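Structural characterization, general
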Amino acid sequence: KAISGAPNFGWTFYAPLSTTYAPDTVTYFIFGVHMMGISSIMGAINVIATILNMRAPGMTLMKMPLFVWTWLITAFLLIAVMPVLAGVVTMMLMDVHFGTSFFNAAGGGDPVLFQHIFWFFGHPEVYIMILPAFGVVSQIIPTFSRKRLFGYHSMVYAVASIAILSFIVWAHHMFTVGMPLFGELFFMYATMLIAVPTGVKVFNWITTMFRGSLTFETPMLFSIAFVVLFTIGGFSGLMLAIAPSDFQYHDTYFVVAHFHYVLVPGAIFGIFAAVYYWLPKWCGRMYSETLGKLHFWLSFVGMNLAFFPMHFLGLAGMPRRIPDYALQFADFNSISTVGAFMFGATQLLFLYLVIKTIRSGEPATDQVWESAEGLEWTIPSPAPYHTFSTPPEVK
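Residues numbered from 1 in each chain as written. Predicted model: local features only at pLDDT ≥ 70, side-chain atom pairs only at ≥ 80, totals over all residues. Heavy atoms only, no water.

Bringing the overall build of the protein chain into the picture now. If you tally the helices and strands in the protein chain, you get eleven helices and two strands. Along the protein chain, helices (α) and strands (β) appear in the sequence α-α-α-α-α-α-α-α-α-β-α-α-β when read from the amino end. Taken over the C-alpha trace, the protein chain has a radius of gyration of 23 Å; the compact-globule value for 395 residues is 21 Å, and the two agree within 12%. Its C-alpha atoms give the protein chain principal-axis dimensions of about 80 × 50 × 50 Å. Residue burial in the protein chain is summarised as follows: out of 395 residues, 46% are buried. The long-range share in the protein chain, meaning contacts at least 24 apart out of those at least 6 apart in sequence, stands at 78%. (Helix = DSSP H or I, 4+ residues; strand = E, 2+ residues; numbered from the N terminus. Rg over C-alpha atoms; globule rule 2.2 N^0.38 Å. Buried < 20%, exposed > 50% of the residue type's maximum accessible area, 1.4 Å probe, protein only. Contact = heavy atoms within 4.5 Å.)

Now the structure itself:
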């Protein structure tokens, strides 16, 4: 059958728009979501089995690098929430093709039910995106501070707490649907509570840097920007957590600003930091530090130009998901446009840098990053009981 057109909804695909008024392509969309869910679950099982069964001798769980811990917890989150997403898109499929009315009020269903199921998946999902970046930054900051990570155990417990709490805050995306007062209070306080372990992590990163022998290579620059900008996103998230305030912020560009201040400096900068940190290990060649720092500063300026004005637009009342806007919003929108093009074009420089490094970079030394332990890549966790290296006295 010929495809009649693209889906007519955004990434949240709210019913009944996505079921009652959707083009035929919604069926292909549902199939794609199922494929994504299967691949995510299989990948997560692989990660968990690898971490639990294939660690080095003496590498107990509480001695693992933080990056491994964050991926272990992320994998459990994936296994927990992907079936929920599969369930909601299957209910959509039933509504579209088999005459059910899960989300159609005319048939006795409830469109708000879709939001509950979707956000029960959707909120842990944003932590799935950010937790591995937490692990990356927890590796990089100790290396360039020449210190062990401050509060290793508290970092592990904080990541686990974030994962658990992520399951009981989903309805803060839905304060305006008319839920009971008790529900609003519960989700407001639960959302505020999840800021505590996040604050612990930020405190530990800053304390790791405190009085360290800092150097500012490109991975460290992206990691520091991650901490600073992610914290700004966290503060705007606390504003959105306050239910009566959220009535004003909801579906405005303030939410867009918050979301992007968490995920662009969070997930994207975390990926950049990881690439610069491990690229010499991946390909055996060293990148150009000058080009790396140029990429960082252009990305940093472009990102802030693109997303910071959105806070002001949202507080001034500009709604999201509109094709046009009132004239008084034009100036801030033009600044955002310049920043967005700047941020996007800068990634072509990143692509060039990676290709150039792989093809013609200087050979990497055995000890690319000098760290507190004198290791090539430091492990910011307690040392394992055994390593594969031969003790000096035995040589």
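With respect to the secondary-structure elements, Leu294 resides in helix H10 (residues 289-315). Spatially, the C-alpha atom of Leu294 lies 9.2 Å from that of Thr218, the residues being 76 residues apart in sequence.

A few words on the packing of helix H3 (residues 66-97) against helix H5 (residues 152-165). Contact pair H3 / H5: the axes reach a minimum separation of 10 Å and the direction vectors enclose 15°. Taken together, H3 and H5 sit at an angle that is classed as roughly parallel. The way H3 lies across H5 gives a crossing that is right-handed. Residues Leu66, Trp69, Thr70, Ile73 and Leu77 of H3 touch H5, and the partners they reach there are Tyr152, Met155, Val156, Val159, Ala160 and Ala163. Taken together, the residues of the contact of H3 with H5 sort by class into ten nonpolar, one polar and no charged. (Axes fitted to C-alpha atoms, helices over the stretch in contact; angles between N-to-C directions. Parallel < 35°, antiparallel > 145°, perpendicular 65-115°, else oblique. Left-handed = near helix turned anticlockwise from the far one by under 90°. Nonpolar A, V, L, I, M, F, W, Y, C, P; charged D, E, K, R; others polar.)

Throughout the structure, instances matching the rule amount to 45 aromatic pairs. Measuring from ring centre to ring centre gives 6.3 Å for Trp11 and Phe259, while their planes differ by 20°; the resulting arrangement is stacked. Separated by 248 residues along the polypeptide, Trp11 in the segment before helix H1 (17-20) and Phe259 in helix H9 (residues 253-283) bring together distant segments of the chain. For Phe259, a relative accessible area of 29% corresponds to the partly exposed category. Seen in terms of ring centroids, Phe272 and Phe350 are 4.7 Å apart; in terms of plane orientation they differ by 65°. Their pairing is edge-to-face. Residue Phe272 is found in helix H9, and its partner Phe350 is found in helix H11 (residues 330-360); the two are separated by 78 residues along the sequence. With relative accessibility at 6%, the residue Phe272 sits in the buried group. On the accessibility criterion, Phe350 (14% relative accessible area) is buried. (Phe/Tyr/Trp six-rings, centres within 6.5 Å; stacked < 30°, edge-to-face > 60°.)

One pass over the structure, following the stated rule, counts one salt bridge. The closest approach of N and O atoms between Asp251 and Arg321, which form a salt bridge, is 3.4 Å. One end of the pair, Asp251, is in the loop between helix H8 (243-249) and H9; the other, Arg321, is in the loop between H10 and H11, with 70 residues separating them in the sequence. (Salt bridge = Lys/Arg side-chain N within 4 Å of Asp/Glu carboxyl O.)

Two numbers describe how helix H7 (residues 218-241) lies on H10: the axes approach to 10 Å, and their chain directions differ by 10°. Looking at the two axes, H7 sits roughly parallel to H10. Within the contact between the two elements, H7 uses Thr218, Leu221, Phe222, Ala225, Leu229 and Ser236 and H10 uses Glu289, Gly292, Lys293, His295, Phe296, Trp297, Phe300, Met303, Asn304 and His311. Across the contact of H7 with H10, the residue classes tally to eight nonpolar, six polar and two charged.

All right, on to the side chain of Gln115 then. You can see Gln115 is positioned in helix H4 (residues 111-145). In contact with Gln115, not counting residues within four places along its chain, are Tyr14, Met174 and Val177.

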